[in-house]
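Examination of the molecular architecture
Residues per chain are reported as follows:
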Amino acid sequence: MSMPENPAQPGPAQTGPVQPGHVQPGPARRGSPSRSTVSPKRQRAILLATLGLLLAIAGTYAAFDEWSTAAGVLCGGGLVLGLMWFAGWRASSRGVDAATAERVFSGRGDERDKRVYLTTMAVVGYVAFITAALLPAAVNLGLDGDVALGSLPYLLITTGVVTFITTDRRT
Amino acid sequence: MLNDVRALREEAGLSQGALGALLGVSRQTINSIETGKYDPSLPLAIAIARHFATTVEEIFHVDA
């Protein structure tokens with residue numbers, strides 16, 4: 001087997017290590033190795049599918065005369081969908097000035113945004129796990145069960161918001 | 001991780017937003033990389049190196 005005189009000098013097949021200056025500058029990238037590849041068309045489809053699911057759930061409750069629950073599902077779910085659509089609109093209209101949260105919740109986040117989001121979800125999950133273990137003990141010790149369950153979503157939402165902001169500033 | 005992204009970007013006359021647009025990431029990501037708060041993934045590090053016609057090792061330096 002023949003060896004090149006200078007192993008550091010790559011041959012025509014570029015099999016050796018690349019020397020500085022021998023790398024061709026990359027073209028402007030239309031795609032990115034780091035950004036979400038979900039197209040706007042697919043994002044709209046996901047939003048519409050979620051809206052359809054929401055209407056189906058609300059309709060199911062309404063079919064069983066659970067009107068207040070159906071209304072609650074529509075209000076809460078509609079609010080979330082509206083915020084997601086608004087986040088997507090702001091992310092696309094603001095361009096490079098879009099905030100991390102706007103990019104994350106519109107599906108246009110890059111790898112750093114994804115890390116912030118996953119870190120937040122991990123912390124919220126951890127807190128939920130710990131809370132699920134501690135709340136029954138607290139109820140047994142006298143804490144009102146309705147208060148315990150009612151405060152849980154607020155605790156998790158607050159944890160998520162604080163963690164998201166902190167992680168975004170530190171990352 | 002220490003890196004020379006800011007120096008290379010300023011030498012090329014690019015803003016953080018412009019470089020981010022070329023690489024397909026946000027301006028915040030470029031800023032976080034330059035300040036050492038965020039280490040890019042391997043594909044992004046390679047994309048940065050290719051954009052500036054150099055190697056990953058020339059740009060990113062393991063902390064002493």
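For the structure itself, consult the block above.
Heads up: these notes are all about the structure in this document. If you're wondering where the values come from, they're calculated on a predicted model, not measured in any experiment.

1. Concerning the nonpolar core
Residue and element names in this part refer to chain B. By size, the foremost hydrophobic cluster in this structure holds 15 residues, and its most contacted members are V5, L23, I33, I48, I59 and F60. Residue assignment for this core shows that the elements contributing at least two residues are α2 (16–23), α3 (27–34) and α4 (42–51). It is α4 that contributes the most residues to this core, five residues altogether. Each residue touching I33, except ones within four places of it in the same chain, is listed here: N3, V5, Y38, P40, L44, I48 and F60.

2. Topic: the pattern of salt bridges
Pairing is possible between side chains that carry opposite charge, provided their charged atoms lie close to one another. Enumeration according to the criterion identifies five salt bridges over all chains in this entry. For D168 of chain A, the salt bridge goes to R112 of chain A, with nearest N and O atoms at 2.6 Å. A residue pair is termed long-range when its members are at least 10 positions apart, and D168 of chain A in helix α5 (residues 145–170) and R112 of chain A in helix α4 (residues 111–140) qualify at 56 residues. Comparing D168 of chain A with R112 of chain A, the two get one shared label, buried. With a shortest N-O distance of 3.0 Å, E34 of chain B and R6 of chain B are connected by a salt bridge.

Conventions used here
- Residues numbered from 1 in each chain as written.
- Chains lettered and ligands numbered in written order.
- Predicted model: local features only at pLDDT ≥ 70, side-chain atom pairs only at ≥ 80, totals over all residues.
- Heavy atoms only, no water.
- Core = buried A, V, L, I, M, F, W, Y, C linked by side-chain atoms within 4.5 Å.
- Buried < 20%, exposed > 50% of the residue type's maximum accessible area, 1.4 Å probe, protein only.
- Helix = DSSP H or I, 4+ residues; strand = E, 2+ residues; numbered from the N terminus.
- Contact = heavy atoms within 4.5 Å.
- Salt bridge = Lys/Arg side-chain N within 4 Å of Asp/Glu carboxyl O.

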